[in-house]
Amino acid sequence: MQFYLDGFRGGDPDIRPAAPGRRLREAHDRLPDTVDVLIAGCGPAGLCLAAQLARFPGIDTLIVERKPGPIEKGQADGINVRTMEMFQAFGFAGTVKRESCWVNQTAFWVPDPARPEHIRRIARVQDVADDSSEMPHALINQARIHELFLDAMMAAPARLAPDYGWSVKDLVVEDGTHPVRVTLENTGVNAGETAAVRAKYVVGCDGARSTVRKAIGGEMHGDAAHQAWGVMDILANTDFPDIRQKCVVSSAREGNVLILPREGGYLVRLYVELDKLSPDERVASRNFTADHLIAAANRILRPHVLDVKEIVWWSIYEIGHRLSDRFDDAANHGGLPRVFVAGDACHTHSPKAGQGMNVSMQDTFNLGWKLAQVLRGRMAPEVLRSYAEERRAEARRLIETDQAWARTMSAPPGESDLDGTGMPRIQAQFIENLEFTGGLAVDYAHSILSGGAEHQALATGQRIGRRFHSAPVVRVADARRMQLGHVAEADGRWRLYAFAGAGDLCAPGSPMHGLATWLAGDPASPVVRHTRAGEDADAVIDLRAVFQTTFEALDAAGMPPLLRPAKGRFGLRDPEKVFCVDHKGAGDIFDMRGIDRARGCMILVRPDQYVAQVLPLDGVAALAAFFDAILLAEG
Ligand code: FAD
């Protein structure tokens, strides 16, 4: 990480200087009359969006939550590798890696044919495929993730904190600069008191029974019958040998259990599949207790025994596969969207694939930078339409995959045994789903934010529309081995990774030199057109160069100015723009990501880490056209 650009400052570098113009608020202060963005709900979706917007102190964000304070335990616990990559951009992946339990293997247990009342292990599968991500699949409680986002919000220049004890009751979209009129009701010390706040944009991250979704006329469609799950976090002793591995366990007659080892080395989560409910039935009518769940788990795990010492949290979790017909309000007035819904507010699915928390955060990571750039007058508001287009397609795919997986998991053991190739069907489908469950299958269709595939052959392992796949490099200035993708922060900036062709050391006249020079000085360059007076040269587009040689062969001090830009109040030169291949065996990024060694290429990456375009190093006209379609020149 980089700091001290504007002068030495002691203390924790993660705590950024507070912005002087930020809105100062204390707990229980009167709500403001107007804001730029009102976020309803402090679940993972709302907090991820708030953490993103808090980076931009010029944006006035209000996040309200009807509960009196943050949750302390329970709910979801799976963090897939894609979400970990996003956490890296927010600066807390290291903390999650240190604290969480990593899923390295998933074990499959089925009835033993010799003694069907007993289970036996039939397979183990590596959970994160080699080189699918540099990040682990992590398990940690949702409350801790909330806390990390709350810390990130408070450490950001806006010093943003939620207003607890306020529930969104209704909203209407009218005219004016702050067209969304939101009615809120106090659920805390002044219960029943109402307040009205006008917002430029409202984002409903208010969970499966979303008020915001209903207010814009959105309806959930999908499974009529709900599946009930018993879930419990326990401290226990057991002779079951795989208790510290993720396990999918199917018994002959007693149902299924999913075992997830958790943070801290002792805690374990069990999901016990309960009966399917009829459409008009609520799970409360069944009067399940924690003792029912423990007894069911013991029956399923026979001959092994689970001796539960403490039930930390338990719940009966009732969920269907459902998708909202609206992710924003554009259809209501035919104009540009002003109200959005994200997370469980617009899609729900079973916990079997562990996607709920992940997809909810990915929704708002997709929306956050777009809202920020539109509100800062940088990007055309038409781009906001892409949120619903991109995320609804992904939610639909999630539900379809989750339904298929749920069917396989719930199939009677006899039917689910083999897939015809000798591999247990459940194992085969689990392997097939790994890219999806890792969050890596997201694939945004061609649009103004995902360019055409004319030059995809220049980087076959960095598919346009998919997330930028990091790989090892060496930073030339200090010979540090690192992941290239870790230069990207959740700061709303575009990254332009320029990969040099063979023999290109950035000498004058070389393609790399030509690109850096054009970007810095040509009137058509997006850096020239969109970087405003007084801003650093990388404020909008952050150029990074990667060379095929060893770091000693490169003249870092002789690089063109855009690859060592003078920044901040002292005009300090940024030394961290130039990289080369890691020659010590961690892998060659050109080979690992299919980058054309002879020609090199440019890979343009969106602020949410998705590949927007692959172009030749001299494809500057296409680069300029891409940005001209979405960014606004200073007016
Ligand atoms: P949520 O986490 O539901 O957050 C929505 C927030 O909005 C809540 O804090 C809510 O209080 C608040 N809110 C609601 N209405 C309003 C309003 N009108 N105004 C202001 N605030 C409002 N997933 C799993 O994978 N495994 C599990 O075991 C599991 N257990 C769960 C148990 C429970 C009780 C719940 C509610 C969810 C569980 N989930 C589980 C689902 C998982 O937690 C969600 O998929 C994930 O949290 C979705 O994030 P979200 O931010 O979209 O919504």
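Structure: above.
A brief look at the structure comes next. As the structure is a computational prediction, the values presented were derived from the model and not from experiment.

Calculation rules
Along each chain, residue indices are assigned from 1 in the same order as the chain's sequence is written. Local features are withheld for residues below a pLDDT of 70 in this predicted model, meaning they are given only at 70 or higher, and side-chain atom pairs are given and counted only at 80 or more; totals for whole chains, interfaces and linings count all residues. Think of the side-chain values as coming from all heavy atoms in the structure, minus any hydrogens and water. A single heavy atom is enough: if one lies within 4 Å of a molecule or strand, its residue is considered near that molecule or strand. Throughout this description, a polar contact denotes any pair of N or O atoms lying within 3.5 Å of each other; where both atoms belong to protein, one of them has to be capable of donating a hydrogen while the other can accept it, and for residues adjacent in sequence the pair is counted only when both atoms sit in side chains. Only the protein chains shown count as covering a residue, and every accessible area follows the Shrake-Rupley method with a 1.4 Å probe. Numbered from the N terminus, helices here are DSSP runs of H or I no shorter than four residues, and strands are runs of E no shorter than two. Each residue is assigned to one of three groups, with Ala, Val, Leu, Ile, Met, Phe, Trp, Tyr, Cys and Pro labelled nonpolar, Asp, Glu, Lys and Arg labelled charged, and all others, Gly among them, labelled polar. The criterion for strand pairing is that DSSP finds at least two bridges linking the strands in question. Classification of residues uses two cut-offs on accessible area relative to the type maximum, computed with a 1.4 Å probe and protein chains only: under 20% is buried, over 50% is exposed, and between them is partly exposed. Contacts: residue pairs with any heavy atoms within 4.5 Å of one another.

1. Quick look at the site of the ligand
Taken together, the neighbourhood of the ligand is formed by 29 residues, with E65, Q142, V168, Y271 and D344 sitting nearest. Between the ligand and the protein, one listed contact pairs a nitrogen atom with a side-chain N or O atom of T211 at 3.4 Å. Y271 places a side-chain nitrogen or oxygen 2.5 Å from a nitrogen atom of the ligand. Calculation on the ligand without its partners gives an accessible area of 970 Å², and the protein chains cover 88% of this total. Of all elements in the fold, only α1 (44–53), β9 (166–173), β16 (267–276), β17 (306–319) and α8 (356–375) reach the threshold of two or more residues within the shell around the ligand. Along the lines of polarity and charge, the residues of the shell around the ligand split into 13 nonpolar, 10 polar and six charged.

2. Things to note about the sheet that holds strand β7 (residues 138–139)
The strand order β3-β7-β4 describes an open sheet built from three strands, whose pairing is antiparallel. Edge positions in the sheet fall to β3 (78–79) and β4 (101–102), since each of these pairs with one other strand and no more. Sheet topology note: the β3/β7 ladder contains two bridges and is antiparallel. Within β7, the position partnered with I79 by the bridge is A138.

3. Thoughts on α1
Extensive coverage of α1 is indicated by the burial of 10 of its 10 residues. Among the residues making up α1, those that are buried are P44, A45, G46, L47, C48, L49, A50, A51, Q52 and L53. At its buried positions, α1 is contacted by β1 (34–40), β2 (61–65), α2 (81–90), α4 (142–155), β11 (194–204) and α8.

4. Remarks on unusual backbone geometry
Residue P303 is bonded to the preceding R302 through a cis peptide linkage, with omega at 15 degrees. Tracing the backbone through its elements, the reader meets P303 in the loop between α6 (290–300) and β17. If you check the backbone angles, D131 has positive phi at about 55 degrees while not being a glycine. Mapped onto the elements of the fold, D131 is located in the loop between β6 (115–126) and β7. Phi is positive for R159, close to 50 degrees, though the residue is something other than glycine. By secondary structure assignment, the location of R159 is in the loop between α4 and β8 (163–164). Since its relative accessible area comes to 23%, R159 is described here as partly exposed.

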